[in-house]
Amino acid sequence: MGILKRFFSRKSTDLRFLQKGKWFAGRGYYSLAGLGIFILLWVAIGYLLFTRPGYEHFSGFLPLPTLNALYHLLLDPDFWRSVYASLRRVVAGIFIALLIGIPLGLLIGFYVKLRLITYTPIQFLRMISPLSWMPIAMLIFHSFEAAIYFLITMATVWPIILNTAHGVTLVNIQWLNMARNQGAKDYQLLSHIVLPASIPYILTSLRLALGVAWIVLVPAEFLGISSGLGYLINDARDTLEYDRLMAVVIAIGIVGFVLDGSIELIQRAFHWG
Amino acid sequence: MTITVENVEKRFPLPGKEGFTVLEDISFAVNDGDFVTVMGESGCGKSTLLNLISGLLPLTAGDIRVDGERVKGPDPSRALLFQQPSLLPWLNVEENIIFGCRIRGEKDDLKMRSRQLIDIMGLTGFEKVYPHELSLGMAQRVCLARALIGHPKILLLDEPFAALDTINRSHLQEELIEFWMVEKFSAVLVTHDVDEAILMGTKVVLLGGRPCRIIETYEVNLNYPRDITGRSFFLLRSAILKKLKDSFSATTHWRDPQ
């Protein structure tokens, strides 16, 4: 398909990428400056809070002990097993949500009546905190694993449906007329025009979904599960290893940042005029 | 192919009222190999007429027949060229040109035909380029190639050159006429430009009024390529402009209360 070819060859977009590269280099300095300010604030606030009498045993939250713990964490195979467990849950949950959300979003965007019918229930379900399904999920599913997949799917399917449908409604009517004039049937309009035109919106929804999933994951892993990054936090708190706790918090941020950044890169490649 | 347009009326629904009539009592014929230009002011319903002939819009009343057969829906044999280049941004030039053939499953000599059209349209070297990197004129050439690759019997053109600069416009006008003389399809071109209407048409249909009707039809018996500075060109141009002005002052009561 033309889309994949374009993504993998990127021949004619080279020029754009070069210009983007220049701009990115400039942006890189600002990113570093932001990171520097963040670390300075962390040091300042940490020392203000945790050097006061009575708070000495929380000194693990300070940058140096945390970075030290992070270094040890990175060498610990248990940590990588937890990262893998968490990532697997997020990927599986989002994958199920995509399987449900993209076709549903395409249809809801394409057919006005379906959009009107589904509007209220979707807006209603969207506003329910995904974590409030936890007790119900635990009753329905026998394993924690399945319950967490269910939670992440419930958290991410709404932004995927809504963004995909929104993308479909914004498809250039001229493209549809052109394709109909060229003899396209309804299903060809969907597959050859609507779907490729919605890909930027689907990627946006994926990025939103990932953010939500990563946020929901940690509290979900607090609940009675014995693997994953959320579990590691709980474990470190119970054993009073505050430096390790803070290191896991930082690690969660880093993994989330990398995931988000990689989707942003894909988004840039698929951003057509 | 011949097109006969008979007593065509088009009304768009408006809430609460019986609707807004755009076209009324439109009748004209396009003979096989004719190049009919439809001229009228902006917003008078020229594009609507073209969409009716293409089958993208349903009629309110009347009859449009192509070779005696009633138009029921869009058909690739009546290729439509839009005012704005409607290229798909995720396909390169070559893929955009053969888009319709892909959709219809036509595979015969596809490579050869697209090569040929790319060559004729002066797009050689740009086959793998994506639409956002093309100038407006080039993009419109790609659209023209896409419309012509299926050898349509009828070409419908909705002010395709209106957004182009003078040089690009006259180039494309000449190329289109050359192509038409070779391929011998029938064409209907909608325009608000008198010069373009006379330059290209074997027949000029003048539209005007609200709702829009046919004011006058002119046969243009001049040889191609036409000389825009010639005397007969000038006389026809003046006649059309005068007719247009008369009909305008006759229908616009809001402008002239007396």
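Note that the structure is a prediction, hence the values are computed from the model and not measured. (Residues numbered from 1 in each chain as written. Chains lettered and ligands numbered in written order. Predicted model: local features only at pLDDT ≥ 70, side-chain atom pairs only at ≥ 80, totals over all residues. Heavy atoms only, no water.)

### Here's the deal with the pairing of strand β4 (residues 61-66) of chain B
Residue and element names in this part refer to chain B. To keep it simple, the criterion reads: Note: two strands are recorded as paired if DSSP finds a minimum of 2 bridges between them. Only DSSP runs of H or I covering at least 4 residues are called helices, and only runs of E covering at least 2 are called strands; the numbering of each starts at the N terminus.
Direction of pairing for strand β1 (residues 3-12) relative to β4: antiparallel, over a ladder of 5 bridges. Bridging from a neighbouring strand, Thr-4 pairs with Arg-65 of β4. Here 2 bridges tie β4 to strand β5 (residues 69-70), and the two strands are oriented antiparallel to one another. When the bridges of β5 are listed, Val-66 appears paired with Glu-69. Connecting β4 to the next strand, β5, in antiparallel fashion are 2 residues, including Asp-67 with a positive phi near 50°.

### Points about the sheet that holds strand β8 (residues 186-191) of chain B
All names here are of chain B. Heads up, the rule is: In this description, a line fitted to the C-alpha atoms serves as the axis of each element, helices being fitted only across the stretch in contact, and the angle between N-to-C directions of two axes falls anywhere from 0 to 180 degrees. In this description, contact between two residues means that some pair of their heavy atoms is separated by no more than 4.5 Å.
Here 6 strands make up an open sheet; going across it, the order is β6-β7-β8-β3-β9-β10 and the pairing mixed. Edge positions in the open sheet fall to β6 (78-81) and β10 (213-219), since each of these has one partner strand only. Between one strand axis and the next, the sheet turns through 15° on average, direction left out of account. Here helix α1 (residues 46-54) sits on the sheet and contacts β3 (35-39), β6, β7 (154-158), β8 and β9 (203-208); the angle it forms with β7, its principal contact strand, is near 155°.

### Notes on the interface of chain A and chain B
Put simply, the test is: Here the quantity called buried area is the accessible surface, traced with a 1.4 Å probe, that two parts lose on coming together, added over both. Salt bridges, as used here, are contacts in which a Lys or Arg side-chain nitrogen is within 4 Å of a carboxyl oxygen on Asp or Glu. As used in this structure description, the phrase polar contact means that two N or O atoms lie within 3.5 Å; if the pair is within protein, one of them must be able to donate a hydrogen and the other to accept it, and residues adjacent in sequence are counted only when both atoms belong to side chains. Any residue that is not Ala, Val, Leu, Ile, Met, Phe, Trp, Tyr, Cys, Pro, Asp, Glu, Lys or Arg is counted as polar, Gly included; the first ten are nonpolar and the last four charged.
Counting from both sides, the interface comprises 24 residues of chain A and, opposite them, 26 residues of chain B. Between chain A and chain B, the buried area comes to about 2300 Å², and carbon and sulfur atoms account for 62% of it. On the surface where chain A and chain B come into contact, there are 0 salt bridges. Our count for the contact surface shared by chain A and chain B stands at 5 residue pairs in polar contact (both at pLDDT 80 or more). When residues in the side of chain A that touches chain B are grouped by element, the largest group, 7 residues, is from helix α8 (residues 173-181) of chain A. Each residue belonging to the side of chain A that touches chain B can be placed in one class, and the counts come to 9 nonpolar, 11 polar and 4 charged.

### Examining the domain arrangement of chain A
Condition: Where each domain begins and ends is defined by an automated method or by a domain database.
Taken domain by domain, chain A consists of domain 1 (1-50) and domain 2 (60-269). The distance between the C-alpha centroids of domain 1 of chain A and domain 2 of chain A comes to 22 Å.

### A few points about α1(B)
Residues and elements named next belong to chain B. Rules: Between buried and exposed lies partly exposed: a residue is buried under 20% and exposed over 50% of the maximum accessible area for its type, with that area taken using a 1.4 Å probe on protein chains only.
In terms of burial, α1 is a largely internal element, 7 of the 9 residues being buried. Regarding α1, the residues found buried are Lys-46, Thr-48, Leu-49, Leu-50, Leu-52, Ile-53 and Ser-54. Just downstream of α1, Gly-55 is the residue with a positive phi angle, here 95°.

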